[in-house]
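So you can see what is in the structure, the chains are spelled out below.
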Amino acid sequence: MKTLIRSIVLASAVMAAAAAPSIAQEIKVGLALPQNAKGFDFVNGMYETFKAEVEANSDMTVDLVYAGALGAPNERLNQMRRGVIQMSDAADGNFATIHRDIQILNMPYLFSSEQTAWDVFDGPFGQALAEDVREKTGIRVLGWWESGGFKHFSANKAIKTPADMENLKMRVLGPLATIPVEALGASAAPVAFSELYTSLKTGVVDGQDNSVSIFNLVKLYEVQSHLTLTGHTYAFGPLGINDRFFSSLDESKQKAITDAAAKAIAFNRAKSREMEAGAIAFAKDNGVTVIELDQDTKTAFRDIMQPAAIGWLKENVDTPELIDQAIAAAKAAE
């Protein structure tokens with residue numbers, strides 16, 4: 001009789017569990033930019049695409065928290081690692097603080113085009129790096145997004161050759177940007193982004209490097225007369241999610257997330273390319289002389305900047321052999 005009762009109770013519990021609705025999970029995402037930030041749909045719109053796709057194809061909800069309300073980028077990155085939040089828009093420089101090898105992809109002139117960069121990120125090299133990030137940081141990389149595309153030099157004089165960089169005071173951040181600039185004969189100054197406009201206006205620094213979208217965002221066209229499309233470094237970000245959270249989900253929810261991520265990355269890259277074209281036209285319309293370089297001149301910049309960066313990388317990443325592997329992957333993608 002006791003065995004029969006236990007069997008009935010167990011069967012009832014199983015049936016109740018099967019009948020009970022599943023608990024919906026919330027994915028909290030910390031973002032830097034205000035909602036509807038003009039000119040930055042390639043970031044916010046990417047996460048809004050992700051949210052729409054996840055919510056349309058699962059019972060999960062995605063809470064987008066804008067305007068840095070959850071802290072500075074590195075703080076949000078560490079919250080994501082700990083599982084306080086599930087995702088954040090931390091970009092390459094932030095990830096370099098927890099995974100040094102990722103800096104290899106910031107090597108000057110590693111990529112000849114955006115498509116080459118995408119092929120490397122989406123191919124075996126990028127996939128292997130993503131797995132290493134997951135193992136070492138607890139963050140699963142769902143894809144690699146474009147953070148405005150290539151960075152370019154600006155100044156109040158024409159930069160047409162490497163020699164034109166000599167004696168300029170350039171605002172750049174981090175050794176992997178500083179060392180190549182100094183190799184060109186310029187001096188580097190680590191001015192905070194919030195002080196960039198004023199520092200250029202007052203002559204604390206002569207120039208800077210950023211994507212054209214960033215150049216326009218902070219109205220540098222008001223304090224810089226020339227923008228040279230050197231395209232020396234490609235800016236990117238890993239679309240990351242806390243791996244412990246992701247692994248706790250059932251297969252259907254994991255698929256909803258990975259499918260949403262793929263659509264979000266596609267949106268980001270298309271929108272970033274579209275917006276950069278508009279940003280260049282906007283800079284010209286606001287009086288900036290935009291200088292395009294031929295391939296020989298870009299090669300001259302590369303031949304000075306890249307060896308200097310490689311020398312630093314060999315001493316400051318955990319897996320130096322990845323340097324040659326990244327170069328090989330980029331050449332193969334071309």
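Cut-offs applied
Residues numbered from 1 in each chain as written. Predicted model: local features only at pLDDT ≥ 70, side-chain atom pairs only at ≥ 80, totals over all residues. Heavy atoms only, no water. pLDDT = per-residue confidence, 0-100. Contact = heavy atoms within 4.5 Å. Axes fitted to C-alpha atoms, helices over the stretch in contact; angles between N-to-C directions. Helix = DSSP H or I, 4+ residues; strand = E, 2+ residues; numbered from the N terminus. Parallel < 35°, antiparallel > 145°, perpendicular 65-115°, else oblique. Left-handed = near helix turned anticlockwise from the far one by under 90°. Pairing = 2+ DSSP bridges.

All right, on to the confidence of the model for the chain then. Averaged over the chain, the pLDDT score is 93; the fraction of residues at 70 or greater is 93%. Of the regions scoring below 50 in pLDDT, residues 1–22 engages in one contact with residues more than four places distant in sequence or in other chains.

This part takes up the packing of helix α7 (residues 175–183) against helix α12 (residues 295–316). Packing of α7 against α12 leaves a shortest axis separation of 8 Å and a crossing angle of 140°. Relative to α12, α7 is oriented oblique. Here α7 and α12 pass one another in a crossing that is right-handed. Note on element contacts: α12 touches α7 through Ile 304, Met 305, Ala 308, Ala 309, Trp 312 and Leu 313, opposite Pro 175, Leu 176, Ile 179, Pro 180 and Ala 183.

Spatial ordering of the open sheet is given by β6-β5-β7-β4-β8-β9, a layout of six strands whose pairing is mixed. The sheet is open, and its two edges are formed by β6 (187–189) and β9 (289–292), each paired on a single side. Between one strand and the next, the sheet's axes are offset by a mean angle of 40°, whatever the strand orientation. Relative to β9, strand β8 (residues 226–242) is paired through four bridges, and the arrangement is parallel. Across the sheet, residue Leu 229 finds its bridge partner in β9, namely Glu 292. Here helix α11 (residues 251–285) sits on the sheet and contacts β4 (139–155), β8 and β9; the angle it forms with β4, its principal contact strand, is near 5°.

Quick look at the environment of Met 60 now. One can find Met 60 in the loop between α2 (41–57) and β2 (61–65). Put simply, Met 60 and Ile 27 are 33 residues apart on the chain and 7.4 Å apart in space, counted from C-alpha to C-alpha. Look past the residues within four positions of Met 60 in its chain and what remains in contact with it is Gln 25, Ile 27, Val 54, Glu 55, Leu 249, Lys 253, Ala 256 and Ile 257.

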